[in-house]
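Spelled out from the first residue to the last, the chains are:
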Amino acid sequence: MRLSSLADYAVVMMSAAARHCGGAGRLNATALAEETALPLPTVQKLVSRLSAAGLIESQRGSGGGFRLSRPPAAISLAEIVEAIEGPIAMTACVDHGAHDCCVEENCRVKPHWNVVNGAVRGALAGVSLASLASPVRMAEIA
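None of these values were measured; they are calculated from a predicted model.

Undergrad: For this particular structure, what's the right way to read the pairing of strand S1 (residues 56-59)?
TA: Within a regular strand, side chains alternate between the sheet's two faces. Pairing of S1 with strand S2 (residues 65-68), which is carried by four bridges, proceeds in the antiparallel orientation. In the strand pairing of S2, Glu57 is matched with Arg67. What sits between S1 and S2 in their antiparallel hairpin is a turn of five residues, with Gly61 showing a positive phi close to 90°.

Here's what the structure looks like:
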């Protein structure tokens, strides 16, 4: 399983936003693009999607910008990924309406994919934005 670049960038952007959490005012997309080295149009696109998912609050105009809608500890990696990718599903056969598999009628694995998807989602839900925004200690890397 591999996240799309856009989902990866959303995690990078949200982690940077979390490091600014608690500061006065709102974040500016231009400044965040510079800090993360992400293209400004990408940051703007992500702000729109993350706002629609309720993870950030945005305001246009003078004094506008955006901020996290909740504390970083209350936002999970699963929520960020799902805001960009949609529901976490390892295979298309568990999507409602997806019937493009040639073995679907006789598949004995299909009933188990929801358990697998739940496990993957659970693992991602166990990682908070706060932990992603904190510095990594060398002992954690080894």
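Undergrad: Would you mind showing me how to read the pattern of salt bridges here?
TA: Oppositely charged side chains can pair when the atoms bearing their charge come close. Evaluation of the coordinates by the stated rule reveals three salt bridges. The partner of Arg70 in a salt bridge is Glu79, with the nearest N and O atoms 2.6 Å apart. Since its relative accessible area comes to 27%, Arg70 is described here as partly exposed. For Glu82, the salt bridge identified is with Arg121, shortest N-O distance 2.9 Å. With Glu82 in helix H4 (residues 77-85) and Arg121 in helix H5 (residues 110-125), this pair connects stretches of sequence that are 39 residues apart. Judged by relative accessible area, Glu82 falls into the partly exposed class, the value being 23%.

Undergrad: Looking at this model, I keep getting lost on the nonpolar core. Mind explaining?
TA: Soluble globular proteins tend to pack their nonpolar side chains together in the buried interior. Met13, Met14, Leu50, Phe66, Leu68 and Ile80 are the most contacted members of the largest nonpolar core, which has 33 residues in total. Breaking this core down by element, the ones donating at least two residues are helix H1 (5-19), helix H2 (29-36), helix H3 (40-52), S2, H4 and helix H6 (129-133). No other element matches the nine residues that H1 contributes to this core. Ignoring sequence-local partners within four residues, the contact set of Met14 consists of Leu50, Leu55, Ile56, Leu68, Ile75, Ile80 and Leu129.

Scoring rules and cut-offs
Residue numbers run consecutively from 1 along every chain, following the written order of its sequence. Only residues with pLDDT of at least 70 are given local features in this predicted model, and only at 80 or more are side-chain atom pairs given and counted; all residues enter the totals for whole chains, interfaces and linings. Side-chain numbers here rest on the full set of heavy atoms in the structure, without hydrogens or water. A pair of strands is treated as paired once DSSP finds two or more bridges between them. Counting from the N terminus, the helices are the DSSP runs of H or I reaching at least four residues and the strands are the DSSP runs of E reaching at least two. Any carboxyl oxygen of Asp or Glu within 4 Å of a side-chain nitrogen of Lys or Arg constitutes a salt bridge here. The rule is simple: take the accessible area with a 1.4 Å probe, protein chains only, and divide by the maximum for that residue type; under 20% is buried, over 50% is exposed, in between is partly exposed. In this description, a nonpolar core means a group of buried Ala, Val, Leu, Ile, Met, Phe, Trp, Tyr and Cys residues linked to one another through side-chain atoms lying within 4.5 Å. Throughout, a contact is declared for two residues whenever any of their heavy atoms are within 4.5 Å.

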